[in-house]
2 protein chains.
Amino acid sequence: MEITVMKNIFGANAEKAGELRALLKDKKVLMVNLIGSPGAGKTTILEKTIEELNKKYKVAVIEGDVATDRDARRLQKYEIPITLINTDGACHLEALSIEQSLNGFDLDSLDMIFIENVGNLVCPAEFDIGEHAKIAIISVTEGDDKPAKYPLLFRESEAVILNKTDLEQYTNFNRASFMEDVKNLNASIPLFEMSCTKGPNLAPWIQWLEKRLQSL
Amino acid sequence: MEITVMKNIFGANAEKAGELRALLKDKKVLMVNLIGSPGAGKTTILEKTIEELNKKYKVAVIEGDVATDRDARRLQKYEIPITLINTDGACHLEALSIEQSLNGFDLDSLDMIFIENVGNLVCPAEFDIGEHAKIAIISVTEGDDKPAKYPLLFRESEAVILNKTDLEQYTNFNRASFMEDVKNLNASIPLFEMSCTKGPNLAPWIQWLEKRLQSL
């Protein structure tokens with residue numbers, strides 16, 4: 001019985017996710033799902049990305065957090081549409097709550113929607129929430145073994161952002177080992193290096209987003 | 001129906017956890033559940049802790065990982081009993097798999113068992129797995145806002161380890177804000193600062209473990 005129920009939940013979620021993805025494609029709105037550990041730098045990357053994209057595109061954000069509105073408040077300064085989903089303990093977002101968030105946006109006026117998922121490398125990777133692309137965000141201070149230890153996220157993602165590279169010199173992060181594990185899981189996945197506090201080097205990431213939007 | 005099933009799962013898990021805790025108390029074996037984000041330094045703290053405790057105590061380890069045996073292999077050099085639980089995608093450990101691991105140990109010969117839970121601040125905090133104490137492990141590179149954003153773990157834990165303090169000078173980690181949030185959630189919780197790569201300052205943590213063992 002337990003397995004049946006889980007299948008029903010996954011099935012209903014996947015069906016809803018497919019509907020949302022089709023709707024957004026029709027509206028020419030790219031939806032990107034940012035997934036990373038607590039403290040990997042998701043909100044800071046989002047801040048830098050919005051600052052750059054705001055010059056040319058209409059962007060909205062769906063913030064997923066277990067508790068508090070801290071991340072959503074950090075983004076208020078950009079005066080863009082933001083929806084906060086407090087999961088109240090749940091470890092990931094699901095398509096149904098994304099649908100409710102989308103209902104609050106004027107999709108005809110938007111170009112891109114960024115979802116900041118709950119800080120967690122495991123559960124968010126398992127759920128299709130209607131995004132066009134999952135992005136794995138990892139910081140060098142987490143260690144080079146994370147792709148091998150959390151393989152599903154790196155298989156499911158369309159790009160990897162390696163963040164906090166300014167701290168790499170103070171750690172034992174093994175770049176070669178990290179790259180080998182990533183490529184073993186997802187051979188052609190692009191990797192964007194960033195150091196958000198020192199100078200983010202955003203251009204390749206922004207170009208990738210623009211290309212992905214055009215491909216819808 | 002879904003809620004009923006979840007309650008059954010939680011109920012069966014909690015019952016089993018209670019049995020395990022009573023068994024271990026009877027055997028005078030302290031079981032500690034280490035919980036932290038991917039890359040917070042759980043395995044390194046475990047290495048340093050085992051090196052210190054091995055002088056005086058018989059220690060065993062239960063390693064929980066989504067995939068790979070990398071952490072378990074890192075601990076093989078200590079020639080202590082180690083059980084690896086590969087959760088195969090699941091985001092936390094449960095009492096039933098802990099029971100199977102305990103069946104593989106000679107409890108009469110042991111003083112302490114350390115469980116390294118799956119790297120995740122959300123789900124492991126929700127599950128009683130028969131431990132006597134949950135320990136929250138957090139590194140300064142994750143940012144000072146983690147207690148407020150993942151409150152359950154800090155409420156459920158008996159101690160906090162703040163790791164990677166050697167990197168604090170390169171980050172914008174706000175110690176005062178971090179401490180305030182921790183104390184708001186759990187007023188009297190002890191906090192142990194560590195820098196495992198530079199010199200771990202283990203003594204207060206080891207003393208706490210010894211005292212906790214004596215209190216069983």
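For the structure given in this document, a descriptive report is provided here.

Analysis parameters
Residues numbered from 1 in each chain as written. Chains lettered and ligands numbered in written order. Predicted model: local features only at pLDDT ≥ 70, side-chain atom pairs only at ≥ 80, totals over all residues. Heavy atoms only, no water. Buried < 20%, exposed > 50% of the residue type's maximum accessible area, 1.4 Å probe, protein only. Helix = DSSP H or I, 4+ residues; strand = E, 2+ residues; numbered from the N terminus. Arc of directions from axis to C-beta. Polar contact = N/O pair within 3.5 Å; in protein donor to acceptor, adjacent residues only side chain to side chain. Contact = heavy atoms within 4.5 Å. Buried area = accessible area lost by both parts, 1.4 Å probe. Salt bridge = Lys/Arg side-chain N within 4 Å of Asp/Glu carboxyl O. Nonpolar A, V, L, I, M, F, W, Y, C, P; charged D, E, K, R; others polar. 1 Å grid on protein atoms, 1.4 Å probe; cavity = no way out; pocket = protein on both sides within 12 Å on 5 of 7 lines; lining within 4 Å. Points joined across faces, edges and corners; volume = space filled by probe spheres on them. Pairing = 2+ DSSP bridges. Right-handed = clockwise from strand over helix to strand, strands pointing away. Axes fitted to C-alpha atoms, helices over the stretch in contact; angles between N-to-C directions.

1. Focus on helix H8 (residues 175-185) of chain B
Residues and elements named next belong to chain B. For H8, the set of buried residues is Phe 178, Asp 181 and Val 182. For H8, the buried positions fall inside an angular range of 100 degrees around the axis, keeping them on one side. Seen from the buried face of H8, the exposed residues on the opposite side, beyond 90 degrees, are Ala 176, Glu 180 and Asn 184. Where H8 begins, one side-chain oxygen reaches toward the backbone nitrogen of Ala 176, 3.1 Å away; that side chain belongs to Asn 174.

2. A short note on the interface of chain A and chain B
Listed by partner, the interface residues are 36 residues for chain A and 36 residues for chain B. Between chain A and chain B, a total of about 3,000 Å² is buried, with carbon and sulfur atoms accounting for 60% of that surface. Two residues, A:Lys149 and B:Asp71, come together in a salt bridge whose shortest N-O distance is 2.5 Å. Remark: the boundary between chain A and chain B carries 9 residue pairs in polar contact (both at pLDDT 80 or more). Those elements that provide at least two residues to the side of chain A that touches chain B are helix H1 (2-26), helix H3 (70-75) and helix H5 (146-149) of chain A. Residue composition of the side of chain A that touches chain B, by class: 17 nonpolar, 8 polar and 11 charged.

3. Here we look at empty space enclosed by the protein
It is the rolling of a water-molecule-sized probe over the atoms that shows where space remains empty. Going through the model one piece at a time under the given rule, you end up with 1 cavity of 30 Å³ or more. Reported here for the largest cavity is a volume of approximately 60 Å³. What lines the largest cavity is a set of 15 residues, among which A:Pro38, A:Glu142, B:Pro38, B:Ser139 and B:Glu142 lie closest to the centre. For the lining of the largest cavity, a count of residues per class yields 3 nonpolar, 8 polar and 4 charged.

4. Some points on the pairing of strand E5 (residues 133-139) of chain A
Note on strand geometry: in a regular strand, side chains alternate between the two faces of the sheet. All names here are of chain A. Taken across its 7 residues, E5 has 7 buried, putting it largely inside the fold. Neither face of E5 is open: one carries Ala 133, Ile 135, Ile 137 and Ser 139, the other Lys 134, Ala 136 and Ile 138, and all of them are buried. Note: strand E1 (residues 30-36) against E5, 5 bridges, orientation parallel. Residue Val 32 lies in a different strand from E5, and its bridge partner there is Ala 133. Sheet analysis places E5 next to strand E6 (residues 159-163), joined by 5 bridges and oriented parallel. Along E6, the bridge assignment pairs Ile 135 with Ala 159.

5. Looking at the pairing of strand E3 (residues 82-86) of chain B
Residue and element names in this part refer to chain B. Summarising the sheet, strand E2 (residues 59-65) and E3 pair through 5 bridges and their orientation is parallel. Residue pairing across strands places Val 61 opposite Ile 82, the latter belonging to E3. One crossover worth recording links E2 to the parallel E3 by way of helix H3 (residues 70-75), and it is right-handed.

6. Structural notes on the sheet that holds E5(A)
Residues and elements named next belong to chain A. Strand order in the open sheet made by the 7 strands is E3-E2-E4-E1-E5-E6-E7, with parallel pairing throughout. The open sheet is flanked by strand E3 (82-86) and strand E7 (191-193), the only strands paired with a single partner. In this sheet, neighbouring strand axes are inclined to one another by 20 degrees on average, regardless of whether the strands run parallel or antiparallel. Sheet analysis places E6 next to E7, joined by 3 bridges and oriented parallel. Note on E7: the bridge partner recorded for Val 160 is Leu 191.

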